[in-house]
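Fold and contact review
Below, each chain spelled out in residue letters.
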Amino acid sequence: KETTGILTAQKATLVNDIGELKVQIKVDYQADQAETLLNRLGIGKSNSGYKSKDEALVESLQLFKTNMTLELKLELTAKGIAPQLIENILQQGEAFTNVAVRQEALKGSSRTITEAGITELNALYNEAIGIAKIARAFYKGQLIEQDKFSFSKLLRAQSGGKSAPQPVQENS
């Protein structure tokens, strides 16, 4: 969650800076020349997915880094584009890419429920139910004590009085 928050903040800054650069390129160049340049940098109409998808932004940033040659940078700055804007996109792009890779690695290592885990959880559930049944029989006639071993009442108490979630049934 922390990595996702960092990624979201970095993405917002990057998309804002890229948008600023795009506007300046569109103003400084003729329409067809501007679009060709934007596509070459990975931020044109043909690369528009970078605004919504992290993977697409990483790809666009890679194109930007690869195609932002010293000559192009000098040409753009000669047109009036701030060199710091270009540097910000390059630096933030590298940081964003590193965080995106880290996030994907963390997603891959997150816990998932496996068939073995389900089997183990079901075994624990059956053991807990068995203990509850024995205890309820032991406290027969003592309702207050018996209630302490009612699985559904304990579950309701744990969930703040809400009804217990129903198990998901698989359709065969």
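Everything that follows concerns the structure shown earlier in this document.
Residues numbered from 1 in each chain as written. Predicted model: local features only at pLDDT ≥ 70, side-chain atom pairs only at ≥ 80, totals over all residues. Heavy atoms only, no water.

So, the overall build of the protein
- When helices and strands are tallied, the protein shows 8 helices and 0 strands.
- Within the protein, buried positions represent 25% of all 172 residues.
- Entry remark: accessible area of the protein is about 12100 Å², with carbon and sulfur atoms responsible for 56%. (Helix = DSSP H or I, 4+ residues; strand = E, 2+ residues; numbered from the N terminus. Buried < 20%, exposed > 50% of the residue type's maximum accessible area, 1.4 Å probe, protein only. Areas by Shrake-Rupley, 256 points an atom, 1.4 Å probe, with all protein chains shown as cover.)

Topic: the packing of helix 1 (residues 2–28) against helix 3 (residues 54–67)
- Contact geometry for helix 1 and helix 3: axes closest at 12 Å, N-to-C directions at 50 degrees. Taken together, helix 1 and helix 3 sit at an angle that is classed as oblique. Here helix 1 and helix 3 pass one another in a crossing that is left-handed. Between helix 1 and helix 3, the residues in contact are L7, K11, L14, I18 and L21 and D54, L57, L61 and F64, respectively.
- Of the residues contributing to the contact of helix 1 with helix 3, the split by class is 7 nonpolar, no polar and 2 charged. (Axes fitted to C-alpha atoms, helices over the stretch in contact; angles between N-to-C directions. Parallel < 35°, antiparallel > 145°, perpendicular 65-115°, else oblique. Left-handed = near helix turned anticlockwise from the far one by under 90°. Contact = heavy atoms within 4.5 Å. Nonpolar A, V, L, I, M, F, W, Y, C, P; charged D, E, K, R; others polar.)

Details of helix 2 (residues 31–40)
- Here helix 2 has its buried residues at A34, E35, L37 and L38. Along the long axis of helix 2, the arc covered by the buried residues comes to 165 degrees, so they all point the same way. Exposed and facing more than 90 degrees away from the buried side of helix 2 are D32 and T36.
- Looking at the residues trailing helix 2, positive phi occurs at G42, about 85 degrees. (Arc of directions from axis to C-beta.)

Regarding the packing of helix 1 against helix 2
- Direction vectors running N to C along helix 1 and helix 2 enclose 145 degrees, while the axes themselves pass 8 Å from each other. Once helix 1 is placed against helix 2, the crossing between them reads as right-handed. Residues K22, I25 and K26 of helix 1 form the contact with helix 2, whose own contacting residues are A34, L37 and L38.

Geometric descriptors of this kind do not, in isolation, establish any biological role.
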